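Results of the structural survey
Spelled out, the chains give:
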Amino acid sequence: MKMDKYMSCVDFLLYSTFRISIREGAMSEDEIIDKLIESAYQDATRQGAFYALIKKEYENNLKEKANDARDEAKRELKNKISKFNTYDEFNNWYNDLCEEIIGKFKECNKEFKEISENNEPLFSYGNAQKWVNMTIKNIYIVGALCEIMNIQHRFCEISKKFISKDIEKQLHIPIDNYILESIWNEENKKMWEEIEEEQKETQSDKSSLVKEIYCKNNKNKMKKYSADVVKPWSKWTEEDYNLFKKKFDENIKIPENQSPLEWENEHWINIALQKRK
């Protein structure tokens, strides 16, 4: 069947971005999900840059274990995404999935901690949240395009679960530097102060999620956003993520007519545009 020009443009955009095609008979829903998960993994590991953390003398053995863990985690993620039911309690489903993914990296994380200078895992909870959240976001974006274009594809049976009004309001925002920078401002300083106060009870200064909010010479002026003020998301623990998510939900008011992912799209693009100037 001949594609019209709009459909052809959408198909080209999807293939150039995700290496997927939604034209009739081109790819199965399994193949599409695989590509969206792989794209999310690249985002979650910053294009695989976390492999550079492995010292050369341990490279071959540890990389092989990390790749095996990735493949096992990918199968688990795909299985859970494909079988997701809108009657499931989303946060429980999400937390269980992140823990299962981290569990797949348990062995290589243990080995990496033994040889790393700072006793940090190779694949953190921060990586896991980004992988799960970006997978869902990719599905959400492709599903929304299919809905707009009135495309009938078996993939839509999966994507429409995450676009449904019952679920889309519960989706988590993928945390990265652009999103953290977008809310590091005077308007949201109360949230950061609450995180700083609450973490004192459970974290050392070295492991703190928020390191320093205000300038030393001006206690009323927030420092410029950087890795020196907030722990990099790729090093977050489960406790870091849960504390941030709790304070985000309490303090950041997403408009009623927006889903969390729509809010995230807008804020992420705003920072990306600023970086171009």
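Right, let's walk through the structure included here. As the structure is a computational prediction, the values presented were derived from the model and not from experiment. For every chain, the first residue of the written sequence is number 1, and numbering continues from 1 onward in sequence order. This being a predicted model, a pLDDT of at least 70 is required before a residue's local features are given, and a value of 80 or more before pairs of side-chain atoms are given or counted; all residues contribute to the totals for chains, interfaces and linings. With hydrogens and water excluded, all non-hydrogen atoms of the structure serve as input to the side-chain values.

In this section: the packing of aromatic side chains. Pairs were defined over the aromatic rings of Phe, Tyr and Trp, the Trp ring being its six-membered one, requiring ring centres within 6.5 Å. Orientation was assigned from the angle between planes: stacked under 30 degrees, edge-to-face over 60, tilted for the rest. This model, assessed by the stated rule, comprises 18 aromatic pairs. Where tryptophan 192 meets phenylalanine 244, the ring centres are 6.0 Å apart and the plane angle is 45°; that geometry is what we call tilted. In this pair, tryptophan 192 is assigned in helix H10 (residues 189-199) and phenylalanine 244 in helix H11 (residues 238-251), connecting sequence segments 52 residues apart. Residue tryptophan 192 shares its accessibility class with phenylalanine 244, and that shared class is buried. Among the aromatic residues, those joined into a ring-pair cluster are Phe84, Phe90, Trp93, Tyr94, Tyr125, Phe162 and Tyr241. Charge over a ring is defined by NZ of Lys or CZ of Arg lying within 6 Å of the ring centre and within 35 degrees of the ring normal. Taking NZ or CZ as reference, lysine 130 lies 4.4 Å from the ring centre of tryptophan 233, over its face. The secondary structure listing takes helices from DSSP runs of H or I that are at least 4 residues long and strands from runs of E that are at least 2 residues long, numbered from the N terminus. Whether a residue is buried, partly exposed or exposed follows from its accessible area with a 1.4 Å probe, protein chains only, as a fraction of its type maximum: under 20%, in between, or over 50%, in that order.

Right, let's get into the nonpolar core. As used in this record, nonpolar core signifies buried Ala, Val, Leu, Ile, Met, Phe, Trp, Tyr and Cys residues forming a set joined through side-chain atoms within 4.5 Å. By size, the foremost hydrophobic cluster in this structure holds 77 residues, and its most contacted members are Ile101, Trp131, Phe162, Trp192 and Phe244. The element that contributes the greatest number of residues to this core is helix H6 (residues 125-148), accounting for 10 residues. In what follows, residue pairs with any heavy atoms lying within 4.5 Å of each other are defined as contacts. Sequence-distant contacts of phenylalanine 244, that is, excluding residues within four places in its chain, are made with Ile175, Leu180, Ile183, Met191, Trp192, Ile195, Leu209 and Trp236.

Moving on to the packing of H6 against helix H7 (residues 156-163). Running from amino to carboxyl end, H6 crosses H7 at an angle of 105°, the nearest separation of the two axes being 8 Å. By the angle between their directions, the pair H6 and H7 is classed as roughly perpendicular. Across the interface between the two elements, Ile136, Ile139, Tyr140, Gly143, Ala144, Cys146 and Glu147 from H6 touch Cys156, Ser159, Phe162 and Ile163 from H7. For helices, the fitted line uses only the C-alpha atoms of the stretch in contact; every axis is such a line through C-alpha atoms, and the angle between N-to-C directions lies from 0 to 180 degrees. Should an angle fall under 35 degrees it is taken as roughly parallel, and over 145 as roughly antiparallel, whereas 65 to 115 is taken as roughly perpendicular and any remaining angle as oblique.

Residues other than glycine seldom take positive phi values, yet arginine 19 does so here, at roughly 65°. Mapped onto the fold, arginine 19 is located in the loop between helix H1 (5-18) and helix H2 (29-44). With a relative accessible area of 44%, arginine 19 lands in the partly exposed category. Located in the positive-phi region is asparagine 150, a residue other than glycine, with phi close to 55°. By the secondary structure assignment, asparagine 150 is in the loop between H6 and H7.

Salt bridges are identified by distance alone: a Lys or Arg side-chain nitrogen within 4 Å of an Asp or Glu carboxyl oxygen. Within this structure, the stated rule accounts for 25 salt bridges. For lysine 160, the salt bridge is made with glutamate 157, and the minimal N-O distance between the two is 3.2 Å. Highlighted residues: lysine 160 and glutamate 157, both in helix H7, separated by three residues, approximately one helical turn. Residue classification places lysine 160 among the partly exposed residues on the basis of a relative accessible area of 46%. What you see here is one network of salt bridges that share partners, running through Lys190, Glu194, Glu198, Lys246, Lys247 and Glu250.

Axis separation between helix H4 (residues 90-104) and H6 bottoms out at 9 Å; the angle between their running directions is 125°. As summarised for this structure, H4 and H6 are arranged oblique, according to the angle between their axes. The handedness of the crossing between H4 and H6 is right-handed. Between H4 and H6, the contacting residues are Phe90, Trp93, Tyr94, Asn95, Leu97, Cys98, Ile101 and Ile102 on the first element and Tyr125, Ala128, Gln129, Trp131, Val132, Asn133 and Ile136 on the second. Along the lines of polarity and charge, the residues of the contact of H4 with H6 split into 12 nonpolar, three polar and no charged. By definition, any crossing whose near helix is turned counterclockwise from its far helix by less than a right angle is left-handed, and any crossing with a clockwise turn is right-handed. Each residue is assigned to one class: nonpolar for Ala, Val, Leu, Ile, Met, Phe, Trp, Tyr, Cys and Pro, charged for Asp, Glu, Lys and Arg, and polar for all the others, Gly among them.

Of note, phenylalanine 90 is situated in helix H4. Exposure remark for phenylalanine 90: the relative accessible area of 0% places this residue in the buried category. In the structure, phenylalanine 90 is positioned 77 residues away from isoleucine 167 in sequence and 7.5 Å away in space, judged by C-alpha atoms. Excluding anything up to four places from it in sequence, phenylalanine 90 contacts Phe84, Ile136, Ile167, Gln170, Leu171 and His172.

Taken together, the side chains of Trp268, Ile269 and Leu273 define a hydrophobic patch exposed on the protein surface, amounting to about 260 Å² of accessible area. Along the polypeptide, leucine 273 turns up in helix H12 (residues 260-276). Surface patches are drawn from residues lacking salt bridges whose relative accessible area is over 30%; two like charges belong together within 9 Å, two nonpolar side chains (Val, Leu, Ile, Met, Phe, Trp, Tyr) within 5 Å. To be clear on the numbers: accessible area is Shrake-Rupley with a 1.4 Å probe, and residue cover counts the displayed protein chains and nothing else.

So, about the environment of phenylalanine 123. Within the element layout of this structure, phenylalanine 123 appears in the loop between helix H5 (106-115) and H6. Residue class for phenylalanine 123 comes out buried when judged on its relative accessible area of 1%. Taking the C-alpha atoms as reference points, phenylalanine 123 and valine 142, 19 residues apart in sequence, are found 27 Å from one another.

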